[in-house]
Amino acid sequence: MSWRQGILIALAVITVLVGGGVFYVAGKVDALIAETGASGAFLAARQAARNNDAQAASLYYDQALMARPESEELLDAAMLAHVLAGNITDGVLTAQQTLALTEDNQQAKILLATAAFKAGDGARAIVYLDGLERGPFAKLLEPNIRVWIARQIGDADGEADALATLSRGGPFSHVPLMQAAYVYELQGAIDKAETLYGRGLRAGGSRYLSFVLAYGGFMERQQDWDKAEKLYRYYRDRNLDNALIEAGFARIEKQTPARLEADPTSGLADAFVAIGEAMRSENRDQLALGYYRMAQFLNPDKEVTAFDLAMMLAELDRHVEAAEQYGRIARGSVLYRGSGCARQRHAR
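So, here's what we can say about the structure. (Residues numbered from 1 in each chain as written. Predicted model: local features only at pLDDT ≥ 70, side-chain atom pairs only at ≥ 80, totals over all residues. Heavy atoms only, no water.)

As for the overall build of the protein
- For the protein, the count of helices and strands is 18 helices and four strands.
- The burial tally for the protein puts 54% of its 348 residues in the buried class.
- For the protein, restricting intrachain contacts to residue pairs at least 6 apart in sequence, the fraction spanning at least 24 positions comes to 55%.
- Of the roughly 15800 Å² of accessible surface on the protein, 49% is carried by carbon and sulfur atoms. (Helix = DSSP H or I, 4+ residues; strand = E, 2+ residues; numbered from the N terminus. Buried < 20%, exposed > 50% of the residue type's maximum accessible area, 1.4 Å probe, protein only. Contact = heavy atoms within 4.5 Å. Areas by Shrake-Rupley, 256 points an atom, 1.4 Å probe, with all protein chains shown as cover.)

Below, the structure is given as structure tokens:
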């Protein structure tokens, strides 16, 4: 039985779209014709995705692909499910299969570029980035990735080009401005860093924890304790209590500034976290979850990423997965007290 002559098994198929930067599932009224061998697994995968169970969805999509290994729709959906479930290695394998069928898949290129970067193969990552279309997807993510690749491989010209792009702002301006400021501080260009942080603040950066911690840490390292305290207080007065903000106050009291992290992999992970936080503030949970998963893939030991992921998973009623994320937070960490309570609550 040919593909075109198969059985119509579903409408409103889950379609992977590119929008604003990472992968998300959108309900698109469409028809998926599947051979009998793939239909049951596909329907189970679709239902799991509707239930926000990315782990189950990824398994079922893989089963469906065994019957239809050249289905671009199934490959897209499987790649998304793997990313949302945190199975990035499986997502990378699916992305490779996808690009073997079509060279136009933008999300596959971003995923493969990120994986190559983590593996230390910056040259390979650039090949994937060079193949991106110049749309909003590339505009949001590409310069954030390129600047850290450039630092990884010691490409001063590439770093300067990426910094120029980031410094122009763009979608969620506080994120590229924050990233550029951080790199300028690593270069020792303190005045440029301060200028960009100021622009990010005026662009609304004070609403976001990631920006407040980055800018506050910068001011601590410049021993501008009063400004750092003012920024932390502004954020605390408008949000729930946060252990990381309280840790900032403690550093100010002791005058022991936040450490400047120079590792490029950690820098890109911070960019993904910042974009995820922005998406979450707009209730775009699938986008946010994808970004946080990518951040954890790059920097699995960062506890704030685990904490944010745990809260998101709990809100999606994935309580066992939330408890696993809380379990990543070490005893004695500034986040441990809150995570311990939450871990017990969500494990029940």
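Regarding the nonpolar core
- Core analysis: the largest hydrophobic core is formed by 90 residues, its most contacted members being Leu111, Trp148, Tyr197, Leu268 and Phe272.
- Among all residues touching Leu268, those that are not within four sequence positions of it are Phe117, Asn144, Ile145, Trp148 and Leu298. (Core = buried A, V, L, I, M, F, W, Y, C linked by side-chain atoms within 4.5 Å.)

A short note on helix H13 (residues 243-254)
- Between the first and last C-alpha of H13 there are 16 Å, a value that for twelve residues agrees with the 16 Å anticipated at 1.5 Å per step.
- When we look at burial in H13, the residues that qualify are Leu244, Ile245, Ala247, Gly248, Phe249 and Ile252.
- Where H13 is buried, its residues touch helix H11 (209-221), helix H12 (225-238) and helix H16 (303-315).
- Two or three places before Leu244, at the start of H13, stands the capping residue Asn242, its side-chain oxygen 2.8 Å from that residue's backbone nitrogen. (Expected span 1.5 Å × (residues − 1). Polar contact = N/O pair within 3.5 Å; in protein donor to acceptor, adjacent residues only side chain to side chain.)

Topic: the packing of H11 against H12
- The contact between H11 and H12 brings their axes to 8 Å, and the two run at 165 degrees. When the axis of H11 is compared with that of H12, the two are roughly antiparallel. Considering the relative orientation of H11 and H12, their crossing is left-handed. Contact with H11, carried on its side by Leu209, Val212, Leu213, Tyr215, Gly216, Gly217, Met219 and Glu220, involves Trp225, Lys227, Ala228, Leu231, Tyr232 and Tyr235 of H12 and no other residues of that element.
- Counted by class, the contact of H11 with H12 contains ten nonpolar, two polar and two charged residues. (Axes fitted to C-alpha atoms, helices over the stretch in contact; angles between N-to-C directions. Parallel < 35°, antiparallel > 145°, perpendicular 65-115°, else oblique. Left-handed = near helix turned anticlockwise from the far one by under 90°. Nonpolar A, V, L, I, M, F, W, Y, C, P; charged D, E, K, R; others polar.)

A word on the packing of aromatic side chains
- Summed over the entire model, instances satisfying the criterion amount to nine aromatic pairs.
- Ring centres 6.0 Å apart and planes at 70 degrees place the aromatic pair Tyr197 and Phe211 in the edge-to-face group. Pair noted here: Tyr197 is in helix H10 (residues 190-202) and Phe211 is in helix H11, with a separation of 14 residues, a long-range link. For the residue pair Tyr197 and Phe211, the accessibility class agrees, reading buried in each case.
- Between Tyr197 and Tyr215, the aromatic rings sit 4.9 Å apart at their centres with planes inclined by 10 degrees, giving stacked as the arrangement. Here Tyr197 is found in helix H10, whereas its partner Tyr215 is found in helix H11, with 18 residues between them in sequence. With respect to class, Tyr197 is no different from Tyr215; both count as buried.
- Ring-pair connections join several aromatic residues into one group, and the members of that group are Tyr197, Phe211, Tyr215 and Phe218.
- One residue, Lys118, lies across the ring of Phe297, its end atom 4.3 Å from the ring centre.
- Over the face of the ring belonging to Tyr234 we find Arg238, whose NZ or CZ atom lies 3.6 Å from the ring centre. (Phe/Tyr/Trp six-rings, centres within 6.5 Å; stacked < 30°, edge-to-face > 60°. Lys NZ or Arg CZ within 6 Å of the ring centre and 35° of its normal.)

Structural notes on the layout of surface pockets
- Approximately 1500 Å³ is the volume found for the largest pocket.
- Taken together, 46 residues make up the lining of the largest pocket; nearest its centre are Leu209, Leu213, Leu244, Lys302 and Val304.
- Contributions of two or more residues to the lining of the largest pocket are made by helix H9 (174-187), H11, H13, helix H14 (264-281), H16 and helix H18 (336-347).
- A class-by-class count of the residues in the lining of the largest pocket yields 21 nonpolar, eleven polar and 14 charged. (1 Å grid on protein atoms, 1.4 Å probe; cavity = no way out; pocket = protein on both sides within 12 Å on 5 of 7 lines; lining within 4 Å. Points joined across faces, edges and corners; volume = space filled by probe spheres on them.)

Description of the environment of Arg259
- Within the secondary structure, Arg259 is located in the loop between H13 and H14.
- Overall, the relative accessible area of 67% leaves Arg259 in the exposed class.
- For the pair Arg259 and Glu220, spaced 39 residues apart in sequence, the C-alpha to C-alpha distance is 9.3 Å.
- Of note is the side chain of Arg259, whose polar atom sits 3.1 Å from the side chain of Glu261.

Some words on a negative patch on the surface
- A grouping of Glu72, Glu73, Glu103, Asp104 and Glu133 is seen on the molecular surface, where their side chains present a negatively charged patch.
- With respect to the helices and strands, the residue Glu103 is situated in the loop between helix H4 (88-101) and helix H5 (106-118). (Patch = residues over 30% accessible without salt bridge, like charges linked within 9 Å, V, L, I, M, F, W, Y side chains within 5 Å. Salt bridge = Lys/Arg side-chain N within 4 Å of Asp/Glu carboxyl O. Lys, Arg positive; Asp, Glu negative; His and termini not counted. Charge placed at Lys NZ, Arg CZ, Asp CG, Glu CD.)

A word on the environment of Ile329
- Its location among the elements puts Ile329 in the loop between helix H17 (319-326) and H18.
- Taking the relative accessible area as the measure of exposure, Ile329 reaches 3% and is therefore buried.
- Considering only alpha carbons, one finds Ile329 and Glu303, 26 residues apart in sequence, at a separation of 5.6 Å.

A look at the pattern of salt bridges
- Per the stated rule, a full pass over the model turns up 14 salt bridges.
- Residue Arg146 pairs with Glu142 through a salt bridge whose shortest N-O separation is 2.6 Å. With a gap of four residues between them, Arg146 and Glu142 both fall in helix H7 (residues 136-153), about one helical turn apart.
- The exposure class assigned to Arg146 is partly exposed, which follows from its relative accessible area of 22%.
- Taking the shortest distance from any N to any O, the salt bridge between Arg318 and Glu321 comes out at 3.2 Å.
- Each of Asp130, Glu142 and Arg146 takes part in a single network of salt bridges with overlapping partners.

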